[in-house]
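For reference, the chains in residue letters:
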Amino acid sequence: MDKKDLGKNIRYLCSRYKSISEVCRRLEINRQQFNRYLAGEQTPSLYTLSRIAAFFEVGLEEIQLRHEDFRARVVPGQKVQGQRALPKDLMRRVSGLLTKPMPQIGDFEGLYYRYYYSFGFRGMVIRTLFSLKRQGDFYVTKHIERIPRSQAPGGFPATFKYDGIVLYLSGRLFVLEYDTLLESTICEMIMAPVSRPGARLLSGVHSSITTGTGNEPTCTRVVLEYLGQQVDLRGAMRNCGLIDPAAGEIDPAILALIKNNNRADAFTFRARRIEGGPGTR
């Protein structure tokens, strides 16, 4: 990879934004450091480069092409003129789903730990922070993935944030989330309430894409562990990050629910249920 070509490619991608400062702010990268990348003086770490590529919605291999080849293949985003409105029937149905009374969701308001096997760190479980609350006529979510410096490759900490909206149908919670920092992906999570003595869990599946490793569509089992509505956020966030499943830090019942193995005769991938069946408490 030629540093000069990479710098030209990144500068070319920046042309869709108002300023370099806006790009740096949204990427949370120091402006002086980013200028060194643009000038071809330094090469970003693989982790930082994958974040930059994901932000601009290009492949990791593409952004490292010779600049002439890159310009021939990639065109920065352009405003689409004359977009047609969605069909009225479709808009009516979507609007009806979003605004219909869903009092059942109120039982799930609060803060949760979210557990699943990491997409980017093979064999590691990630514990994140997830909230669900009512906002006007809707139920919305916030999800924060945090990898502290002590766990991050190369010592570079990472934080990813998602905003989402919730629908409740057939006893299931459907969560659609948008990556608000990198603006590189939309995730879907479908949860089925399950109960066990002393805890309140939601078990389901989570589909997304891997970032920085080819953007392959990916699915994993996921569990939400209810913490409450009044929680020490700083303390809860300190407990988030990558966890070795063999370290004994995670409830074995949760590990069993998020394990991603399948029977040989199972032709679909589905959430696991624990003994006791569906329930809210």
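One can find the structure itself at the top, above this paragraph.
This report concerns the structure included in the present document.

About the criteria used
- Residues numbered from 1 in each chain as written.
- Predicted model: local features only at pLDDT ≥ 70, side-chain atom pairs only at ≥ 80, totals over all residues.
- Heavy atoms only, no water.
- Helix = DSSP H or I, 4+ residues; strand = E, 2+ residues; numbered from the N terminus.
- Buried < 20%, exposed > 50% of the residue type's maximum accessible area, 1.4 Å probe, protein only.
- Contact = heavy atoms within 4.5 Å.
- Areas by Shrake-Rupley, 256 points an atom, 1.4 Å probe, with all protein chains shown as cover.
- Axes fitted to C-alpha atoms, helices over the stretch in contact; angles between N-to-C directions.
- Left-handed = near helix turned anticlockwise from the far one by under 90°.
- Nonpolar A, V, L, I, M, F, W, Y, C, P; charged D, E, K, R; others polar.
- Polar contact = N/O pair within 3.5 Å; in protein donor to acceptor, adjacent residues only side chain to side chain.
- Core = buried A, V, L, I, M, F, W, Y, C linked by side-chain atoms within 4.5 Å.

1. Structural notes on the overall build of the protein
Here's step 1: Counting its regular elements, the protein contains 8 helices and 9 strands.
Here's step 2: By the burial criterion, 42% of the 281 residues in the protein qualify as buried.
Here's step 3: Sequence separation of 24 or more characterises 55% of the internal contacts of the protein that already satisfy a separation of 6 or more.
Here's step 4: Just so you have it, the protein exposes about 16,000 Å², and 50% of that area is on carbon and sulfur atoms.

2. Let's talk about the side chain of His-67
Here's step 1: When you line up the elements, His-67 lands in helix H5 (residues 67-73).
Here's step 2: Ignoring any residue separated from it by four or fewer positions in sequence, one finds His-67 in contact with Asp-5, Lys-8, Asn-9 and Tyr-12.

3. Considering the packing of helix H1 (residues 3-14) against helix H4 (residues 46-56)
Here's step 1: Look at H1 against H4: their axes get within 11 Å of each other, and the N-to-C directions meet at 35°. The two elements H1 and H4 meet at a crossing, and its hand is left-handed. Residues Leu-6, Ile-10, Leu-13 and Cys-14 of H1 form the contact with H4, whose participating residues are Leu-49, Ile-52 and Phe-56.
Here's step 2: Its residues assigned to classes, the contact of H1 with H4 shows 7 nonpolar, no polar and no charged.

4. Notes on the environment of Arg-263
Here's step 1: Within the element layout of this structure, Arg-263 appears in the segment after helix H8 (252-258).
Here's step 2: At 2.9 Å, the side chain of Arg-263 forms a polar contact with the side chain of Asp-265.

5. Here's the deal with helix H2 (residues 20-27)
Here's step 1: Where burial is concerned, most of H2 is hidden: 6 out of the 8 residues are buried.
Here's step 2: Along H2, the residues that are buried comprise Ile-20, Glu-22, Val-23, Cys-24, Arg-26 and Leu-27.
Here's step 3: As for H2, its buried residues are in contact with H1, helix H3 (31-38) and H4.
Here's step 4: Once H2 finishes, Glu-28 follows within two positions and takes phi at roughly 55°, a positive value.

6. Let's talk about unusual backbone geometry
Here's step 1: Located in the positive-phi region is Glu-28, a residue other than glycine, with phi close to 55°.
Here's step 2: The backbone of Glu-57 shows a phi angle near 60°, a positive value even though the residue is not glycine.
Here's step 3: Position of Glu-57 among the secondary structure elements: in the loop between H4 and H5.
Here's step 4: Given a relative accessible area of 56%, Glu-57 falls into the exposed group.

7. Notes on the side chain of Thr-48
Here's step 1: Looking at where Thr-48 falls in the secondary structure, it is placed in helix H4.
Here's step 2: Within the local environment of Thr-48, its side chain forms a polar contact with the side chain of Ser-45, the two groups lying 3.1 Å apart.
Here's step 3: Setting aside its immediate chain neighbours within four residues, Thr-48 contacts Ile-29 and Tyr-37.

8. Describing the nonpolar core
Here's step 1: The biggest cluster of nonpolar side chains holds 52 residues, and the ones touching the most others in it are Ile-10, Phe-34, Ile-52, Phe-56 and Ile-63.
Here's step 2: Of all the elements, H4 adds the most residues to this core, at 7 residues.
Here's step 3: Ignoring sequence-local partners within four residues, the contact set of Phe-34 consists of Ile-10, Cys-14, Ile-20, Val-23, Cys-24, Leu-27, Ile-29 and Ile-52.

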